[in-house]
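Residue-level listing of the chains:
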Amino acid sequence: VDGTSETRIGEVVASIDGTVVGSIPATGAYQIGIPGDSTGENVMNAIAAMKTVVDVDTADPIFPITPAELVPNDPLWPLQVGVAAIRAPETWTIATGAVAIAVVDTGVDATHPDLAGKVVVLPGSDVLDGDDDPSDPDGHGTRMAGIAAAIGNNLYAVAGVSWSSPVIAVRAFGAGGSDVSLASGIVFAAANGARVISVSGTLREASPVIVDAVEFARERGCLIVASAGNTNGGPAVETYPCALEGVLCVGAVDGADRPLEGTNSGPWVDLAAPGEDVPTITPGADVAIVSGTSPAAAMVAGAAAVLWSTEPSLTAAEVGDRLQAGAAALDGHNSTLGAGRVDLFESTFDGSFELPGLGTWETDGTVSVLTSLGPIVPTDRDRMDDIGFPDHEYL
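None of the values given here were measured: they were computed from a predicted structure.

### Brief notes about the overall build of the protein
- Each helix and strand counted, the protein has 12 helices and 11 strands in total.
- Out of the 395 residues belonging to the protein, those deemed buried represent 49%.
- At a minimum sequence separation of 6, the contacts of the protein that also span at least 24 residues come to 68%.
- Carbon and sulfur atoms provide 54% of the accessible area of the protein, an area that totals close to 17600 Å².

### Side note on the state of the cysteines
- Counting across every chain of the model gives 1 disulfide.
- In this model cysteine 242 forms its disulfide with cysteine 249; the gap between the sulfur atoms is 1.8 Å. Handedness of the cysteine 242-cysteine 249 disulfide follows from its S-S torsion of about 105°: it is right-handed.
- Given a relative accessible area of 1%, cysteine 242 falls into the buried group.
- Exposure remark for cysteine 249: the relative accessible area of 0% places this residue in the buried category.

### Quick word on helix H7 (residues 208–219)
- Its 12 residues place the ends of H7 16 Å apart at the C-alpha level, agreeing with the 16 Å of an ideal helix rising 1.5 Å per residue.
- Looking at H7, one finds that the buried residues are Ile210, Ala213, Val214 and Ala217. Viewed along the axis of H7, the buried residues span an arc of 100°, placing them on a single side of the element. Residues of H7 that are exposed and point more than 90 degrees away from the buried face comprise Pro208, Asp212 and Glu219.
- Tucked into the core, H7 has its buried residues touching helix H6 (179–191), strand E6 (196–199), strand E7 (223–227) and strand E8 (247–253).

### Re the sheet that holds strand E4 (residues 119–120)
- An order of E4-E5-E3-E6-E7-E8-E9 is seen for the 7 strands of this open sheet, with the pairing classed as parallel. Each edge of the open sheet is held by one strand with a lone partner, namely E4 and strand E9 (271–274).
- As paired elements, E6 and E7 share 4 bridges and run parallel to each other. From the neighbouring strand, isoleucine 197 faces E7, where its bridge partner is isoleucine 224.
- With respect to the sheet, helix H5 (residues 140–149) is in contact with strand E3 (101–105) and strand E5 (167–171), its orientation differing from that of E3 by roughly 155°.

### Focus on the layout of surface pockets
- Estimates place the volume of the largest pocket at around 1300 Å³.
- If you trace the largest pocket, you find 40 residues lining it, with Ala29, Tyr30, Gln31, Ile32 and Asp60 closest to the centre.
- Every element with two or more residues in the lining of the largest pocket is listed here: helix H1 (6–15), strand E1 (19–24), strand E2 (29–33) and helix H2 (41–50).

### Things to note about the packing of aromatic side chains
- Using the criterion set out here, one finds 3 aromatic pairs in the structure.
- Ring centres 5.6 Å apart and planes at 55° place the aromatic pair tryptophan 77 and tryptophan 92 in the tilted group. Of the two residues, tryptophan 77 is situated in the loop between H2 and helix H3 (81–85) and tryptophan 92 in the loop between helix H4 (88–91) and E3; the sequence distance between them amounts to 15 residues.
- Here tryptophan 77 falls in the buried class, since its relative accessible area comes to 11%.
- Overall, tryptophan 92 belongs to the buried group, its relative accessible area being 2%.
- Consider the rings of tryptophan 92 and tryptophan 163, whose centres lie 4.6 Å apart with planes at 50°: the pair is tilted. In this pair, tryptophan 92 is assigned in the loop between H4 and E3 and tryptophan 163 in the loop between H5 and E5, connecting sequence segments 71 residues apart.
- With a relative accessible area of 11%, tryptophan 163 lands in the buried category.

### Observations regarding the pattern of salt bridges
- A complete count under the given rule lists 12 salt bridges for this structure.
- A salt bridge links glutamate 215 to arginine 218, with the nearest nitrogen and oxygen atoms 3.8 Å apart. A residue pair is termed a helical-turn pair when its members lie 3 or 4 positions apart in one helix, as glutamate 215 and arginine 218 do in helix H7 at 3 residues.
- A relative accessible area of 34% means that arginine 218 is categorised as partly exposed.

### Some details on the nonpolar core
- Ranked by size, the top nonpolar core spans 57 residues in total, and within it Val196, Val225, Val300 and Leu323 carry the most contacts.
- The leading source of residues in this core is helix H8 (residues 293–310), at 12 residues.
- Not counting residues up to four positions away in its chain, the partners in contact with valine 225 are Val196, Ile197, Ser198, Val199, Leu248, Val250, Ala297, Val300 and Ala301.
- Core analysis: the next-biggest nonpolar cluster, separate from the first, contains 36 residues, Ile168, Ala228, Leu244 and Val269 among them.

### Observations regarding unusual backbone geometry
- For the peptide bond that leads from tyrosine 240 to proline 241, omega is 10°, which places it in the cis range.
- You can see proline 241 is positioned in the loop between E7 and E8.
- Residues other than glycine seldom take positive phi values, yet alanine 157 does so here, at roughly 50°.
- Relative to the helices and strands, alanine 157 resides in the loop between H5 and E5.

Rules and cut-offs
Residues numbered from 1 in each chain as written. Predicted model: local features only at pLDDT ≥ 70, side-chain atom pairs only at ≥ 80, totals over all residues. Heavy atoms only, no water. Helix = DSSP H or I, 4+ residues; strand = E, 2+ residues; numbered from the N terminus. Buried < 20%, exposed > 50% of the residue type's maximum accessible area, 1.4 Å probe, protein only. Contact = heavy atoms within 4.5 Å. Areas by Shrake-Rupley, 256 points an atom, 1.4 Å probe, with all protein chains shown as cover. Disulfide = S-S within 2.5 Å. Expected span 1.5 Å × (residues − 1). Arc of directions from axis to C-beta. Pairing = 2+ DSSP bridges. Axes fitted to C-alpha atoms, helices over the stretch in contact; angles between N-to-C directions. 1 Å grid on protein atoms, 1.4 Å probe; cavity = no way out; pocket = protein on both sides within 12 Å on 5 of 7 lines; lining within 4 Å. Points joined across faces, edges and corners; volume = space filled by probe spheres on them. Phe/Tyr/Trp six-rings, centres within 6.5 Å; stacked < 30°, edge-to-face > 60°. Salt bridge = Lys/Arg side-chain N within 4 Å of Asp/Glu carboxyl O. Core = buried A, V, L, I, M, F, W, Y, C linked by side-chain atoms within 4.5 Å.

Here it is as structure tokens:
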């Protein structure tokens with residue numbers, strides 16, 4: 001009841017052998033833990049007793065809540081275990097992307113039904129042949145565009161990670177491709193409105209033309225996401241532009257979060273993403289299953305676009321930092337695959353949904369009483385432990 005003192009509240013709680021585990025002072029709500037078994041009878045008895053107390057307005061059991069998920073109706077969604085693993089469905093409840101992703105690759109099939117109406121074709125977008133047609137004779141670029149940004153929830157093929165993002169098609173790979181054509185593609189993307197630039201291709205040398213192109217894009221506020229390559233069967237090998245400063249370098253993991261066979265790894269790799277048997281689209285209204293660091297990088301490019309769409313004021317460096325800070329740990333492999341496997345939900349909310357304790361909160365006015373009352377313990381504690389906070393109490 002409004003106006004009841006803290007002392008009286010403590011007496012009422014003690015009368016049922018309860019403990020205050022959380023409160024919402026603004027509404028007079030208190031969460032009370034009750035000792036006993038898991039049958040619920042003890043809780044119902046405590047509620048009955050509370051309802052007889054004149055200082056209590058109402059007493060009810062609490063009801064568990066779990067994060068909502070937007071599960072798309074695309075036919076291949078059940079096979080998109082990698083996209084589910086990075087917790088995209090939980091993030092899609094608030095954002096499905098908006099910022100433009102440039103796919104600098106072998107081109108993009110703008111006529112594919114799962115990309116219909118969202119591919120931006122600009123004059124000069126085929127930097128490989130020097131014309132205006134970035135269509136995709138190879139298929140690789142279309143497959144990467146599908147992973148990053150295929151239209152979701154449209155009853156067709158797959159759901160891209162950032163399914164509401166426009167795709168800027170840039171053809172820079174293929175027969176005759178080189179560091180010069182890749183550099184031209186990066187510069188073209190940065191000069192034509194891209195915020196995320198996805199590069200699922202590698203070079204063995206960091207030529208001056210590539211270094212300059214990356215710096216051109218960074219100066220214009222672009223985030224370049226690049227694949228680490230798939231040649232690490234022997235000694236670790238640096239690849240470019242992946243290993244350049246300011247480029248988000250992506251390795252690949254399998255379905256058990258182990259390094260995918262062949263993925264390049266090393267201190268220059270910043271992050272990992274699922275890269276095993278990833279469903280996507282391919283030219284000609286068709287679908288494909290692909291593996292490697294190429295799909296892993298495309299997945300991270302889509303994740304970056306979703307995150308950025310929720311906080312447009314972030315810089316490219318801040319988006320990259322958030323993706324790394326929110327990554328899920330890889331047991332024993334973080335030293336070679338950067339921060340770990342990307343977790344889009346954790347990065348988007350920057351830990352605010354799953355923060356242990358109250359130590360990092362700032363208090364103002366009467367809210368300071370919360371620190372003495374302690375945290376609210378979630379019903380699904382195992383899930384909280386699974387994401388890396390074992391043996392803690394949680395809000």
